[in-house]
Amino acid sequence: MRQFTFLACLSPLALTLLAVTGCGGFTPETQADPFIDDEPDAAEPSGPAAEPSGPAAKPAAVMPGPVVALTAIQREKAPLLAELMDSAPLRFRADLIANPSPASRVAEASAVLIDAEAASADDIRSYASLLRAARLAGVPVILENARDAEKVALALGIGMSAQVVYAAPSPGGQHFDVRVFGDVTGEETEEHSSVRLPASAKARYARMTADERAELGKKLEKSEAELDALFDAAPEAEPITIDAKPRIASRSEVAQTALPARGELVAEIKGLLADHKTHTLAQIVTEPLPEGTYRSYNVTPTSINWECGDDGQRSVIDRNFTVTLLASNAPEGKYVVFAGNGTQYNPGGLKWNSGNNRGYFQEALQHSIRPLSGGLSPYAHRPHSANESSTFTTSNGFSVGAGVGADGPSTSFSFNVSEQASQSLNDFDVIDFSSGSIFGWQYKLASVSGHPYKKWEDLHNDTWGGLYGLPNLAKSTLTDEYEGIYAASLQDQSLYPVENVNLQSVRHTWVSHDYVLWEEIKTTSCGKAAGSVVTVDLSSVNVAKLGTIPFKETFDQGVASSVWTVINEGITDSSPSWREVGGAATETGSAFDYPQTAADGAVDMRGTYLVAPDTAFGQGALSAKIYAGDPDGFGLMYAINDTGSSYYRVMFDASLSVARLVRVDNGVFTELAVNTSYVPPQNTWMTVRVEREGTTHRIKVNDQVVLAVPNEATYAWGSVALFSWAMSDVRFDDVTITTL
């Protein structure tokens, strides 16, 4: 067993992979940069690149390795990516390189760069094999101008509309650390209310002189007749409120949060890259899951640091959350899990906190999750609570497991809301307003100094005057813990946008110092909504159904050594030459061994094969386009075990006019079916398809059955490979594994 590389022969759209110091000796000091298109004159910077970088824009550590760009990078349109390339020791560009394999170079890179506005959705789909190579190798992907969430989802599995998205996968590509810059939408509101009268005010008003009533009327902006009517109507035993109707003072909507200065952002991205190289991301599952069945994203959007008014107190919303995509055998289906991951709200240090003046305190928090299109069904959520209860029910955990059985690898999960697992938020109520496809919760201030708080006036002490004290969570950090799970069918391969919104409300309430007759109470409230639309790509996860994990390989972007491995069993000719030519995997080395029986057409013909060890094919269909430019042996292998010693193989040979299906048991060959009058097409593309239904194996060429075995079930599933025997020209393309 050994690794291999391919020659690159890529479309002009895949614009990466030229070493600046090689392939002709391009250097940034002596020649125009071949990597960055339309670079403006350095003496006249324009656009975002001209922004002052500020004191934090000090040179960051040099990139630890080469960067690869999958799109053209124009400095004035993607200044962050351009600057990352400027500081990289090597830069690659695919349309200028002839050798080596682009997928291998991606796996060696420190970052893969994409200007999302320079690529269409179809372009990003065409990068699938390169992005898969990066994901499996744990290489970060950075997208600038990522305003189309669907494009980001096609690249990563989930997507958010943002200026910059940084996604670093763990080795194996099951867990991602996603940082989002410039994604926030929000609004601010203010409201004002005014006067509160104590219960004793009616009697005191009756004893006031005319001058005292005139003075009171001026302060309250009421005529004498209005005052008389007000106090006549006042009850004897409880206070009344004057003019308490809220008024909207201002409202603004922000389409996109302000990004840090470009220098700060570049430094932060470089720091993330350096940290990723040093500290490998930990998996959040304890055992490996079947490749392609599970992905988890730890998302850190832009932190919201905002101010109510201009008094200097700044509140904070940190919206960290996880998104998990899972294709499960038990329970069967696809699942999307949104969960809090340290989502925190903090009002900041209170500007005022005395018996007559409190604010801005944290009054209410709200969080909602809502699919924006049909197709996702609500499955489960927590917290569960009776409305307006300080105690709420949590889950015992969302757990994911893996197994291997006769039907192949499987993935399962469990989620349980247990009445025994509960939490309390002192002095705050939890309101679960989930309904239909919406999951939603409100955390609401409910008690002040042991007194109920239902509306803003309840902060006022109607007996003694002044304001009650605030509980701790109104003054400090409240952590929002939640899980919302949606379900879809196993066949669903769609993109779904899901809105994820956080709302923080803070309030300032203050009073006058005269409670003998009247006390004026004023309040100002502000709310900030921070929302993200997260697009999930359900095609990025699929179950190993009956031993089969859906798979597709077009070889359009080369062949990743992390996916494909060359195996050589040739002895007579022991030099296979697998390489990528014209978007196809091609063998031209003619590696082979004579059959040990020394008979033409013997079943034990050994040669060389290209295996994808992480694939799984059991029940379903394996298909490949094959071009035979030489009349020797070629075909497909499937249900290959971990050691490669047992499998099924279908082989065609034009010179022998034979098609044969064999089973190999620890190196011993057994013929299952043979067609001695079949001549496969030569010098043209054909489609070879292996179908397994129950115990039946059918081999088709261009939709015509060539071989069939009705009762064979020795090996239920395994990986697949592309086989060649003494072929000086055989090509494979569009390899797919599907369920029937």
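Our structure's up above, just so we're on the same page.
Structure report, in brief. (Residues numbered from 1 in each chain as written. Predicted model: local features only at pLDDT ≥ 70, side-chain atom pairs only at ≥ 80, totals over all residues. Heavy atoms only, no water.)

**A word on the sheet that holds strand β8 (residues 164–169)**
Thought 1: Overall, mixed pairing links the 11 strands, which are arranged β4-β2-β5-β6-β8-β9-β14-β17-β18-β32-β22 in an open sheet. Edge strands, defined here as strands with exactly one partner in the open sheet, are β4 (91–92) and β22 (377–382).
Thought 2: The pairing of β8 with strand β9 (residues 175–181) spans six bridges and is classified as antiparallel. Considered in β9, the bridge of Val165 is made with Val180.
Thought 3: Strands β2 (67–69), β4, β5 (111–115), β6 (141–144) and β8 of the sheet are contacted by helix α1 (residues 79–86), whose axis makes an angle of about 140° with β6.
Thought 4: Relative to the sheet, helix α5 (residues 149–156) contacts β6, β8, β9 and β14 (294–300), its axis offset from that of β6 by approximately 170°. (Pairing = 2+ DSSP bridges. Helix = DSSP H or I, 4+ residues; strand = E, 2+ residues; numbered from the N terminus. Contact = heavy atoms within 4.5 Å. Axes fitted to C-alpha atoms, helices over the stretch in contact; angles between N-to-C directions.)

**Some points on α5**
Thought 1: Most of α5 sits inside the fold, with six of its eight residues counted as buried.
Thought 2: Along α5, the residues that are buried comprise Ala149, Lys151, Val152, Ala153, Ala155 and Leu156.
Thought 3: Residue Asp148 occupies the N-cap position of α5, its side-chain oxygen lying 3.0 Å from the main-chain nitrogen of Glu150.
Thought 4: After α5 finishes, the residue Gly157 shows a positive phi value of roughly 110°. (Buried < 20%, exposed > 50% of the residue type's maximum accessible area, 1.4 Å probe, protein only. Polar contact = N/O pair within 3.5 Å; in protein donor to acceptor, adjacent residues only side chain to side chain.)

**Examining the pairing of strand β17 (residues 321–329)**
Consecutive side chains along a regular strand alternate between the two faces of the sheet.
Thought 1: Of all nine residues in β17, eight are buried, a share of seventy percent or more.
Thought 2: Sheet analysis places β14 next to β17, joined by six bridges and oriented antiparallel. Residue Tyr297 lies in a different strand from β17, and its bridge partner there is Val323.
Thought 3: For β17 and strand β18 (residues 332–340), the ladder comprises nine bridges, and the chain directions are antiparallel. For Leu325, the partnering residue across the bridge sits in β18 and is Val336.
Thought 4: With antiparallel pairing between neighbouring strands as the criterion, β17 and β18 make up a hairpin whose turn holds two residues.

**Regarding the state of the cysteines**
Working definition of a disulfide: a covalent bond connecting the sulfur atoms of two cysteines.
Thought 1: By the definition in use, this model includes one disulfide.
Thought 2: What pairs with Cys308 in a disulfide is Cys526, and their sulfur atoms sit 1.8 Å apart. What sets the handedness of the Cys308 and Cys526 disulfide is the S-S torsion sign, and at about 65° it is right-handed. Of this pair, Cys308 sits in the loop between β15 (304–307) and β16 (314–318) while Cys526 is found in strand β34 (residues 519–537), placing the two residues 218 residues apart along the sequence.
Thought 3: A relative accessible area of 4% means that Cys308 is categorised as buried. (Disulfide = S-S within 2.5 Å.)

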